[in-house]
Amino acid sequence: MTVANAEVSRKSGSVEKQQSIEIFGAREHNLKEVNLTIPRNQMVVITGISGSGKSSLAFDTIYAEGQRRYMESFSAYARAFIGDMERPDVDKINGLSPVISIEQKTTSRNPRSTVGTVTEIYDFLRLLYARAGEAYSYISGKKMVKQSEDQILEHILKTYDGQKLIVLAPVVKGRKGHYRELFVQIRKLGFTKVRVNGEIQELLPKMQVDRYKTHDIEIVVDRIIVKESDEKRIRQSIQAAFKQANGILMVQDQDGETAHFSKYLMDPESGLSYDEPAPNTFSFNSPYGACQTCNGLGVIEEISRDSVIPDPSLSISRGGIAPLGEYRDIWIFKKIEAILKRNKVNLTTPIKDIPDKIMDVLLYGDEVPVAVSSVKYPGTDWNTKFEGIIKFLEKQKDAGSDKIRQWVEEFTDVATCPDCNGYRLKKESLHFKIDETHIGELAELNINKLAEWFEGVEDRMTERQNVIAAEVLKEIRKRIGFLLDVGLNYLSLNRPLRTLSGGEAQRIRLATQIGTQLVNVLYILDEPSIGLHQRDNVKLIQALKDLRDLGNTVIVVEHDKDMMLESDFIVDIGPGAGRHGGHIMAAEKPKDFIKNKSLTSDYLTGKLQIAVPKERRKGNGDFLELKGATGHNLKSVNLKLPLGALTCVTGVSGSGKSSLIHETLYPILRKHFYKSRAEALPYKKLTGLEHIDKVIEVDQSPIGRTPRSNPATYTGVFTDIRSLFSELPEAKIRGYKPGRFSFNVKGGRCETCQGGGMRVIEMDFLPDVHVPCETCKGKRYNRETLEVRFKGKSISDVLDMTVEQAVEFFENQPKILKKIETLNEVGLGYISLGQHATTLSGGEAQRVKLATELSKRDTGQTFYILDEPTTGLHFQDIQHLLEVVQKLVTKGNTVLIIEHNLDVIKVADHIVDIGPEGGEGGGQIIASGTPEEVAKVKISHTAKFLVDELK
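The model shown is predicted, which means the values in this text are computed figures rather than measured ones. Numbers given to residues run from 1 along each chain, matching the order in which its sequence is written. Since the coordinates come from a predicted model, pLDDT governs what is reported: local features require at least 70, and pairs of side-chain atoms require 80 or more to be given and counted, while whole-chain, interface and lining totals use all residues. As a convention, hydrogens and water are excluded, and side-chain values are obtained from all of the structure's heavy atoms.

A.B. asks: Got a minute to help me understand the layout of surface pockets in this structure?
C.D. replies: The rolling of a water-molecule-sized probe over the atoms marks out the regions of remaining empty space. Within this scheme a cavity is a closed region of a 1 Å grid, computed over the protein atoms alone, that accommodates a 1.4 Å probe without allowing it to escape, whereas a pocket is open but has protein on both sides within 12 Å along at least five of seven lines; lining residues each have an atom within 4 Å of a point. Grid points are joined across faces, edges and corners, and a volume is the space filled by probe spheres set on the points. Its volume calculated, the second largest pocket comes out at about 760 Å³. What lines the second largest pocket is a set of 37 residues, and nearest its centre among them are Lys561, Phe875, Asn901, Leu902 and Asp903. Note on conventions: DSSP H or I runs of at least 4 residues are helices, E runs of at least 2 residues are strands, and numbering of each starts at the N terminus. Elements that contribute at least two residues to the lining of the second largest pocket include exactly α17 (534–549), α18 (561–566), α30 (875–890), α31 (902–905) and α33 (941–950). Among the residues making up the lining of the second largest pocket, the classes are represented as twelve nonpolar, 13 polar and twelve charged. All amino acids are sorted into three groups, where Ala, Val, Leu, Ile, Met, Phe, Trp, Tyr, Cys and Pro are nonpolar, Asp, Glu, Lys and Arg are charged, and the leftover types, Gly among them, are polar.

Structure follows, in structure tokens:
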């Protein structure tokens, strides 16, 4: 997230006096000389069909200018390192405040970023536990005590009055070594006796102990009879022991019983002591708090026996050991053969019939040398030890090349860390408790349960804890409240940020921003309603209004009907997408906007709507049945899906939709059809697989992480275009093959930018900046390649064409046309064929994938899974998308859509509603059937909204 400060030109006066943001002559991307006035301190929705120019106006013009002005406020020295940011293509913007953008693409992929760390709730929890937590021993479970010198002295005088007592300073506890130097040092300090493993000995010259055994060594500081009159001497002995043993002390009474004392936290029974707690004691990102086994990640990667031997019924020669594959005449198989022969089995024995002892040798190695005949020197045997297949893979995982490491990852399983049980912290940190609960347990609770735990926690804390914790508790409760306000009550603090959807991550940052209580800021949000059920939309709209009411301007790029009607001002961009868009169709208050005659207002008033089908499909009579799904919050769910129909899976956020479909059903299908190794969440059985022949999932992950990926390369149409160019007479004369027209290989590409079209300028403090290549001016190819033309266009010109233009251009090339037409059908006519993948939104990337699958020949028995395909779509675009989806189902395929959008839900043939609530309160199928049947279910939140839509 970037904060961009704004300087306002002298002509426009101060920001406070300015009542509006004025934009003059915006031409970024497809904007057509846009002049616009937006009211300040109001909630403004920018809408319009996909590709009309909404993001170009909000992010590439307003936000980019705010960011540039912030950079200009730096000193000339700082700007020398950062470089100057390019001015967006706009004549002038007046009345701009500091800008904060909350986008979907900026989710951290770091496994250490969690909901708790981003919202800072976990930071306050760490402070709470460091200052008010009570320590317990992980050995005896007793409460740890901390005593001052006076308290220890008083205890000794009272408890051991008249007894013989030995005062000891522990210097070695449970460690191996001979400790010769330590004994010399103790003698130099003037001490004459030590207690070694419970036995008091004279300190002798050259004294040492067995270096291979574990020892406990204490210095005998004093031997006294405890009397009130000797108080001074006992105090001095305590001080001397503390000095030698860093604040720890032991005393042995005349019966040989030992007691422990400490200036720090100590278990009086076992003598275990903890360091003074600090906030980083509870941080899994700090070496002072992180579990050492998993380095604070909560999980460990291990190469297990099951991952290396997926099918024990196979023999080794038939590929039973997956990393080795089938038998080949190579060294490792000869080595294995020799080990097996020594144990009277062979390579053709099924692995399940080979004794475990022998398999352990093959997997983990042993020290016994194995003789293998040399090929190079016949009659000679090589005697070498066998290191074991799993040990070899582990070594490659750490030291191999990227390709080898990737290969080893196929056999790596992720398991919960056995030492910290997934809590990420070392055991000392997990034994500091408040109300008998440690910080790891709080981080596991969902926000709802966490809020309940903090309710009245003062009554369960001591008076001392309450005095310390008062301010921290106030901050924690405030931040938990903000998360509840944006509908994220089902998340837990330890949920990694990378597992969240774009909408969830965006709402977390929104909650964090509300928490900062900034005023006079311009916030720009990119579709925050994504992934949000209609029920929770009300909370989100209220959160945005709260942000506005603090004294901020909120600009939301959005298609949601409720959001538009609840806003203070609507800007509609259109009329079409790409080159047909970029005009302001309307900019006024909602009540005036709905009186207009525009595409958006017609959908808002109901003049235009997506029609409910007259008849619902029953399916082809076959079903896919999943029984006993219990992963995450699923409560032994039985799912029955009709095949040959359009099914919608609905439910409030966090109810279990993804757990059921993405993490249970889809991995089972992938394993069945494509031998994938991804494990499904627990379930009992799945029937009906014989009725489908392949599964395709279309999600919102990017189609590529570099600017080299684009729609043309992803859909495969670029291969056909390159073949077409290589068949041209000019190309044949020059001897150009299809590779000449690739920007990824040497030959035809521009070597300055290596076919990227852009040069990457690395910025020390900011994201890398891409500037057009100075040699090819962004065309990606060298001059000779660009001289080959088809219908007057070079290969670079083709990449610059929009999908719409390409449909006309390639109308007589059926193979190319089919793939480009599907892109057009899913509403992507406005994107260019060579548009960088990094500039596509999640919804656009998903539609590129959908088009790619549609251009392939379907079998009529394909199972499609779509994850919120309406992301970023205007009502009109949803209409187009549904036409494409319905075509697929009409051909006999099955389409399953996870969706919150009611326009899609109401046209489905079958609905599966999961809930009733999110998190623990969900995980059950509460309604199943046609939309009309589901609408009658009182317990369903979806039903309440569906009733109105079906009218």
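A.B. asks: Explain empty space enclosed by the protein here, please?
C.D. replies: Evaluated as defined, the whole model comprises three cavities of 30 Å³ or more. For the largest cavity, the calculated volume is near 60 Å³. Lining the largest cavity we find Tyr122, Phe284, Gly422, Tyr423, Arg424, Leu425, Gly440, Ala443, Glu444 and Asn494. By residue number, the principal contributor to the lining of the largest cavity is helix α13 (residues 439–444), which donates three residues.

A.B. asks: Explain the sheet that holds strand β20 (residues 432–434) here, please?
C.D. replies: Across a sheet, strands are paired by hydrogen bonds formed along the backbone, either parallel or antiparallel in direction. DSSP bridges decide pairing: two strands pair if at least two such bridges lie between them. Judged by pairing direction, the sheet is antiparallel, and its three strands sit side by side in the order β7-β20-β21 without closing on themselves. A single partner strand is all that each edge strand has here, and the edge strands are β7 (134–135) and β21 (437–438). Relative to β20, β7 runs antiparallel, the two being bridged by two bridges. Its bridge partner being in β20, Glu134 is matched across the sheet by Lys433.

A.B. asks: Help me out: how do you make sense of the packing of aromatic side chains in this one?
C.D. replies: Each aromatic ring pair is described using two quantities: the centre-to-centre distance and the angle formed by the ring planes. Only centres within 6.5 Å qualify two rings of Phe, Tyr or Trp (six-membered ring in Trp) as a pair; their planes then separate them into stacked at under 30 degrees, edge-to-face at over 60, and tilted for everything else. Scanning the model with the defined rule gives 19 aromatic pairs in all. Taking the centre distance of 6.0 Å and the plane angle of 55 degrees together, the rings of Tyr129 and Phe282 count as tilted. Taken together, the residues span a long stretch of sequence, with Tyr129 in helix α4 (residues 121–132) and Phe282 in the loop between β15 (273–274) and β16 (299–302) at a distance of 153 residues. The pair Tyr129 / Phe282 is uniform in exposure class, with both members buried. Pairing Trp453 with Phe454 gives two aromatic rings, centres 5.0 Å apart and planes at 85 degrees, and the pair type is edge-to-face. An identical accessibility class is assigned to Trp453 and Phe454; each is buried. Site record: aromatic cluster; members linked through ring pairs are Phe725, Tyr736, Phe741, Phe790, Phe809 and Phe810. Looking at Arg460, its charged tip hangs above the ring of Trp453, at a distance of 5.6 Å from the centre. Of note, Lys640 hangs over the ring of Phe623, and the distance from its end group to the ring centre comes to 4.5 Å. The buried label applies to any residue whose accessible area, calculated with a 1.4 Å probe on protein chains only, is under 20% of its type's maximum; exposed applies above 50%, and partly exposed to all values in between. Consider the ring centre and the ring normal. A charge sits over the ring if Lys NZ or Arg CZ is within 6 Å of that centre and within 35 degrees of that normal.

A.B. asks: It is not clear to me how helix α21 (residues 657–674) should be interpreted in this structure. Could you clarify?
C.D. replies: An α-helical segment advances 3.6 residues per turn. Residues three or four places apart therefore align on the same side. The seven residues ending at a residue and the seven starting there each receive a fitted axis; the angle between those axes is the bend at that residue. Where α21 bends most, the angle comes to about 30 degrees, and this point is Tyr666, followed within four residues by the proline Pro667. The set of residues buried in α21 consists of Lys657, Ser659, Leu660, Ile661, His662, Thr664, Leu665, Tyr666, Pro667, Ile668 and Leu669. Once α21 ends, the next one or two residues include Lys675, with phi positive near 55 degrees.

A.B. asks: In this structure, what is going on with the environment of Leu532? I would like to understand it.
C.D. replies: With respect to the helices and strands, the residue Leu532 is situated in the loop between β22 (522–526) and α17. Using a relative accessible area of 3% as the deciding quantity, one classes Leu532 as buried. C-alpha separation for the pair Leu532 and Leu497, spaced 35 residues apart in sequence, amounts to 17 Å. Only heavy atoms enter the contact rule, under which two residues are in contact if any of them lie within 4.5 Å. For Leu532, the contacting residues outside a window of four places in its chain are Val486, Arg507, Asn537, Leu540, Ser653 and His900.

A.B. asks: Sorry if this is basic, but what is going on with the sheet that holds strand β34 (residues 894–898) here?
C.D. replies: As summarised here, the arrangement of the six strands in space is β30-β33-β34-β28-β35-β36, forming an open sheet in which the pairing is mixed. The open sheet has two edge strands, β30 (694–698) and β36 (924–929), and neither has a second partner. Across the sheet, the mean angle separating the axes of adjacent strands is 15 degrees when strand polarity is ignored. One ladder, built from five bridges, connects strand β35 (residues 910–915) with β36; its direction is antiparallel. When the bridges of β36 are listed, Ile914 appears paired with Ile925. Docked against the sheet, helix α29 (residues 842–855) engages β30 and β33 (862–867), running at close to 155 degrees with respect to β30. For helices, the axis comes from a line fit to the C-alpha atoms of the stretch in contact; other axes are also lines fit to C-alpha atoms, and the angle between any two N-to-C directions lies between 0 and 180 degrees.

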